[in-house]
Structures are given as structure tokens and as C-alpha cells.
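Below are the chains, spelled out letter by letter.
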Amino acid sequence: MSYLTFIQAGEAFNKLNDPACRFIDCSYALADKSWGAAEYRKSHIPGALYADLHEDLAGPVQPGASGRHPLPAKEDLVKLFSSYGIDENTQVVAYDSTTGFMAAARLWWLLKWAGHDKVAVLAGGKPAWQAQGFPLTYEITTPAPKTFKANFRDELLASADEVLALDANSSCLIDSRTADRYAGQNETIDPVAGHIPGAVSKPFNANIDPQGEIADPAALKEYFAKDFEKGNTVFYCGSGVTAAFNILLAVHAGYPFPKLYAGSWSEWITDPKRPVA
């Protein structure tokens, strides 16, 4: 059985010794870029590798032109996934050390973009794994590399120009940041506050409870219902990371894979000609 959106801790534990399964720890904290790697070294799921949001799951920032977490170059992603020992038969399980799913969802999206469907996010993250008494280790494993065969799906992307040209009658633009940032309040991350005109607010964390439990697919289906009525749905956030989690939720609910404006708000505001609401 393949897992394509979420995988529960018990199901993931059953794959712990499966050579065709690769666990990847994506723990990361925006406030402390070294925290995730330190947390991984302290304890992780046995056999798990580490993917750093800033170093591995994002490309170099271009000041004044890109967002805070640009997409990696395609060739760099292929090298990364090959070094992780991922091929077309590999089931990838991505997880975070917290219940927020931020960077794990980014890895999930990047693999989907690269054409690898067999990837899922561990529901509840490492806390859910620990809560069931499943093992952790500090030992670091180096896998044998494999050939990752990419088939990039660029139709999953929307550029800034495409977002600017969206027709409200046939498209829905969704802002995945927290409601206060969407409203232009409490903006401490980006130099300009506000949102893209016409966007609706759907905070990425609205469907996660404090224990990391995700709303069931029926509730998610209802939550996103109006957003998918028009046929062309585009998600964005601050830098293309938390929007990936909203996309994961929408796909988990059964909706067709929507588009991501990967540059998101932090790229949008690099051009003063782009409108701000």
C-alpha cells in the first residue's frame, strides 16, 4: 500500500524496517535555523535522514527579486533525492519534530512537483511517534544512493505574473498565513504588511489541534469547498512553505492538486508595482 498524503504513526512504524521506505526528518524553526539539525542529532526515527528547510529544501535567496525560500534548482533536487536513496519504488515518510508540519509539507510538495507520488507526512509528527512508545535513536545512517528519476510537473506552479492576471470569476487565490498577517497586523517577518488583492484567508494552522491531529477529510472537504468551485485554485503564504501544508490538506480532502505561488508574499513585495491590500 502506498501513502500519498498522511500516514499514521502505527502505519509508519510497520514500515520501519522496510528497505523500500525512507524516513526524512524535516524539523526546522524559523526563529533558530540551527534548531532542527540539533533536534535531529539529539533523537530521530531510526534510519531517518535530515533535510534542512533552508539548506536543502530551498534555493539561494536573490535579494530584491526572490522570496525567502525560493524553490531549489531542479538539478539540485534530483541530486538531493538521489543521495537520500529515493527511486521510483521508495515510499517517503516526511515528518517534523513538532506538530506544525511546516517543513515536512514542503518536502512532500517538492517530491510531488518532481513527479514522485509515494510520499506522505507523518500525522502528528515526532510527538505522535513518541506518544505511542515507538523507538528513537541518535545514530545517523548513510544510505546507498539511488537514481531519482524526475518528471517535474510545472503545471503545479503559478508565477507572480499569473497571480497578477487571475480572474476572480474563474479563479480563487488563497492566503495561507495566519489571519493577523493576512490583515496586515503583527507583521514581524516581511518588510511590507498586507496581502495580495482578492486573496481569501485560510490560515494553514486552522485545521490542526494542539496534539497535531488533522481534521478529518469530510471536514476539510467542507472547509475548502468554495475555494475549489471556480476550477483554478492558487495557494500562497509568506515564502511558499506553509501554503504547501494547505495544499496537502486539500489533496487529502480529495480535491485536485491546486497550484502554488511558490515565491509567495515575500517575493510579491519585491516589486513595488505589484498591488497590496
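Here, every reference points to the structure presented above.
Values in this document were obtained by computation on a predicted structure and should not be read as measured data.

If you trace the four strands from one edge of the open sheet to the other, you get 7-6-8-9, paired in parallel fashion. The outermost strands of the open sheet, each flanked by one partner alone, are strand 7 (200-201) and strand 9 (259-260). Sheet analysis places strand 6 (residues 171-175) next to strand 8 (residues 232-236), joined by five bridges and oriented parallel. Note on strand 8: the bridge partner recorded for Leu173 is Val234. Against the sheet, helix 9 (residues 242-252) contacts strand 8 and strand 9, and its axis sits at roughly 140° relative to strand 8.

Another aspect to go through is the sheet that holds strand 1 (residues 6-7). Backbone hydrogen bonds are what pair the strands of a sheet, in a parallel or an antiparallel way. On the basis of which strands lie adjacent, the open sheet formed by five strands has the order 1-5-4-2-3 and parallel pairing. At either margin of the open sheet sits one strand with a lone partner, and together these are strand 1 and strand 3 (49-50). Two elements, strand 2 (residues 21-25) and strand 4 (residues 91-95), share five bridges in a ladder whose sense is parallel. Residue pairing across strands places Asp25 opposite Tyr95, the latter belonging to strand 4.

This next bit is on the pattern of salt bridges. A complete count under the given rule lists twelve salt bridges for this structure. In this structure, the salt-bridge partner of Lys126 is Glu39, at a minimum N-O distance of 3.3 Å. Highlighted residues: Lys126 in helix 5 (residues 125-131) and Glu39 in helix 2 (residues 35-42), separated in sequence by 87 residues. In this structure, Lys126 and Glu39 share a single accessibility class: buried. A salt bridge links Arg68 to Asp190; the shortest N-O distance between them is 2.8 Å. Here Asp190 lies in the loop between helix 7 (179-182) and strand 7 and Arg68 lies in the loop between strand 3 and helix 3 (74-83), a separation of 122 residues in the sequence. Residue classification places Arg68 among the partly exposed positions, given a relative accessible area of 21%. Accessibility expressed as a relative area gives 7% for Asp190, which makes it buried. Each of Arg68, Asp175, Arg177, Arg181, Glu187 and Asp190 takes part in a single network of salt bridges with overlapping partners.

Applying the stated criterion across every chain yields a total of 16 aromatic pairs. Taken together through their ring pairs, the aromatic side chains of Tyr223, Phe224, Phe228, Phe235 and Tyr255 make up a single cluster. Here the guanidinium or amino end of Lys202 rests over the ring plane of Tyr223, the centre of that ring lying 4.6 Å away. When the ring centre of Tyr255 is taken as origin, the NZ or CZ atom of Lys221, which lies over that ring, is 4.2 Å away.

Analysis parameters
Residues numbered from 1 in each chain as written. Predicted model: local features only at pLDDT ≥ 70, side-chain atom pairs only at ≥ 80, totals over all residues. Heavy atoms only, no water. Pairing = 2+ DSSP bridges. Helix = DSSP H or I, 4+ residues; strand = E, 2+ residues; numbered from the N terminus. Contact = heavy atoms within 4.5 Å. Axes fitted to C-alpha atoms, helices over the stretch in contact; angles between N-to-C directions. Salt bridge = Lys/Arg side-chain N within 4 Å of Asp/Glu carboxyl O. Buried < 20%, exposed > 50% of the residue type's maximum accessible area, 1.4 Å probe, protein only. Phe/Tyr/Trp six-rings, centres within 6.5 Å; stacked < 30°, edge-to-face > 60°. Lys NZ or Arg CZ within 6 Å of the ring centre and 35° of its normal.

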